[in-house]
Amino acid sequence: MKGKYSNRTLKKLENAASIVICTGAGMSAESGIATFRDADGLWSRFRPEDLASEPGFRRDPELVQSWYQSRQRQLRSTQPNAGHVAIAELEARTERFLLVTQNVDDLHEKAGSRNIIHLHGTLAEDRCIDCSTRPTTSLADCAVLPHRCTKCDGYIRPGVVWFGEMLPEAAMENAAAALDQCDVLLSVGTSGLVYPAAALPGLARARGAYTVEVNIEPTALGDEMDDRILGSAATVLPELLSTSILHN
Ligand code: OAD
């Protein structure tokens, strides 16, 4: 297995005191969650301006709520894959570790990851679009849509970042701060087309970190990295990050 990966990458990982891992939708693909821009991805079947923007939500709240409700319900029966588990294990044995995900699922948490920033929010954290009150009944548990706020009657929206919205306060600042002292950055399963998340590997490299992409296909983001590993997250990460590889 060792010959499969570059010796330089293995050495860098072995010696790293500080690691940042950035993940995108490809990370959860093998758990059964659809990606966005692949041939069978969500944005090939749905229009983001209808389902992932405030104007789209205000036009048809019931449609948008029912789409997020089905995604929330799907998550309840979805399990992390071997890639999520490998990342959580790496965190447990690394001095300084940060996981920055664009994913709105909870599969990293289910696998045991602790120090994690959700750049694009999380599916589960519903709130009222008008007064931000958290509902007592989640969208996933709501029997009749549209789901409205008991305080102001506004519509309940999912806690994800939509197109045209700001990232959660401090998310990007905290992620960028971790790059200052990062020895190795791994970017896993992202097309690298959505900013500011896509800027993180370049920032890390400019500050001296060794950067590696893991993806089933080459991306423009990977062109700018020190190493590119072609393969799936659930296959590559357990192999690449396993203690035996790093210490034998
Ligand atoms: P994309 O759908 O744009 O890209 C998914 C990437 O994962 C592609 O580069 C695939 O080649 C790769 N991939 C697919 N399966 C894989 C696997 N098993 N192992 C490794 N890689 C795999 O998803 P993101 O880059 O995450 O934003 O998209 C970024 C943002 O765009 C999302 O967070 C979402 C979307 O609009 C919001 O919802 C705000």
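Residues numbered from 1 in each chain as written. Predicted model: local features only at pLDDT ≥ 70, side-chain atom pairs only at ≥ 80, totals over all residues. Heavy atoms only, no water.

(A) Representation of the sheet that holds strand β6 (residues 184–188) within the structure. If you trace the six strands from one edge of the open sheet to the other, you get β3-β2-β1-β6-β7-β8, paired in parallel fashion. With partners counted over all chains shown, the strands left at the sheet margins are β3 (116–118) and β8 (227–230), one partner each. Neighbour-to-neighbour, the strand axes of this sheet turn through a mean angle of 15°, independent of strand direction. Across the face of the sheet, helix α9 (residues 171–179) comes into contact with β1 (18–23), β2 (96–101), β3 and β6 while running at roughly 140° to β2. Together, β6, β7 (210–215) and β8 form the strand contacts of helix α12 (residues 233–241), whose direction differs from that of β6 by roughly 160°. (Pairing = 2+ DSSP bridges. Helix = DSSP H or I, 4+ residues; strand = E, 2+ residues; numbered from the N terminus. Axes fitted to C-alpha atoms, helices over the stretch in contact; angles between N-to-C directions. Contact = heavy atoms within 4.5 Å.)

(B) Structural context of the site of the ligand. Around the ligand, the surrounding shell holds 24 residues, and the nearest of these are Phe 36, Arg 37, Thr 190, Ser 191 and Asn 215. At 2.7 Å, a backbone N or O of Phe 36 approaches an oxygen atom of the ligand. Within the contact set of the ligand, an oxygen atom lies 2.6 Å away from a side-chain nitrogen or oxygen of Thr 190. When isolated, the ligand has an accessible area of 800 Å², and the protein chains bury 95% of it. A molecule is said to occupy a pocket when more than half its atoms come within 2 Å of that pocket's grid points, and by this definition the ligand occupies the largest pocket. Grouping the amino acids of the shell around the ligand by side-chain chemistry returns nine nonpolar, eleven polar and four charged. (Near = heavy atom within 4 Å. Polar contact = N/O pair within 3.5 Å; in protein donor to acceptor, adjacent residues only side chain to side chain. Areas by Shrake-Rupley, 256 points an atom, 1.4 Å probe, with all protein chains shown as cover. 1 Å grid on protein atoms, 1.4 Å probe; cavity = no way out; pocket = protein on both sides within 12 Å on 5 of 7 lines; lining within 4 Å. Sits in = over half its atoms within 2 Å of the grid points. Nonpolar A, V, L, I, M, F, W, Y, C, P; charged D, E, K, R; others polar.)

Functional significance is not addressed by these values, which are geometric in nature.
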